[in-house]
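# Fold and geometry: a report
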Amino acid sequence: MNKLMGFLFAASSLLIVSQTPSLAASKDAAYCRAAGDWAEAEMTKHIEDSGRRTLDAVEDFGPTQNEERSYFVFIVEAIYNEKIQPPMEGLEEMNKNINDLNRAFARHLAEDVCVKEFLG
């Protein structure tokens, strides 16, 4: 996961999001926290449904995600590029910790990129 995180943080600085000045002004810290909540929820869907794919997440986009499509597609791709290991029998605590780390990764990435792109 460390290589992936390093790559994604480097790539996040290259993410270009076209927006109007009025749209940029509407972004704030609460928006970025909400993006983190969304990313964490999407990672949970990825963990719980091994058949769910990037396209499924994109098809579920709401109005906010459609408005900022390139940002949210970038986050979805990062989430679905993360390989989820099947739970190991007898290691429930370790499985829970790994899943919690994956959720935290998704939240942190979404919030960090949001701050850089919209509040930067």
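## Some remarks on the packing of aromatic side chains
Scanning the entire structure with this criterion turns up six aromatic pairs. A ring pair is formed by Tyr31 and Phe118, whose centres lie 5.9 Å apart and whose planes are at 90 degrees; its orientation type is edge-to-face. With a gap of 87 residues between them, Tyr31 in helix α3 (residues 29-48) and Phe118 in helix α7 (residues 92-119) connect regions that are remote in the sequence. No difference in accessibility class separates Tyr31 from Phe118, as the two residues are buried.

## Here we look at the side chain of Arg103
Turning to its location among the elements, Arg103 is positioned in helix α7. Among the polar contacts listed, one links the side chain of Arg103 to the side chain of Thr44, at a separation of 2.8 Å. Setting aside anything within four residues of it in sequence, one finds Arg103 in contact with Glu40, Met43, Thr44 and Ile47.

## Things to note about helix α6 (residues 69-81)
Helix length check: α6 (13 residues) gives 18 Å between terminal C-alpha atoms against 18 Å at 1.5 Å per residue, within 8%. Those residues of α6 not exposed but buried are Tyr71, Phe72, Phe74, Ile75, Val76, Ala78, Ile79 and Tyr80.

## Brief notes about the pattern of salt bridges
Following the criterion strictly, the structure yields 10 salt bridges and no others. A salt bridge links Glu67 to Lys27; its shortest N-O distance comes to 3.7 Å. Placement of Glu67 in helix α5 (residues 63-67) and of Lys27 in the loop between α2 (21-25) and α3 is noted, with a sequence separation of 40 residues between them. Residue Glu67 is classed as partly exposed on the basis of its relative accessible area, which comes to 46%. Residue Glu68 pairs with Lys27 through a salt bridge whose shortest N-O separation is 3.3 Å. Of the two residues, Glu68 sits in the loop between α5 and α6 while Lys27 sits in the loop between α2 and α3, which places them 41 residues apart along the sequence. Here Lys27 falls in the buried class, since its relative accessible area comes to 7%. Salt bridges sharing partners connect three or more residues here, namely Asp37, Glu40, Arg107 and Glu111.

What counts as what
- Residues numbered from 1 in each chain as written.
- Predicted model: local features only at pLDDT ≥ 70, side-chain atom pairs only at ≥ 80, totals over all residues.
- Heavy atoms only, no water.
- Phe/Tyr/Trp six-rings, centres within 6.5 Å; stacked < 30°, edge-to-face > 60°.
- Helix = DSSP H or I, 4+ residues; strand = E, 2+ residues; numbered from the N terminus.
- Buried < 20%, exposed > 50% of the residue type's maximum accessible area, 1.4 Å probe, protein only.
- Polar contact = N/O pair within 3.5 Å; in protein donor to acceptor, adjacent residues only side chain to side chain.
- Contact = heavy atoms within 4.5 Å.
- Expected span 1.5 Å × (residues − 1).
- Salt bridge = Lys/Arg side-chain N within 4 Å of Asp/Glu carboxyl O.

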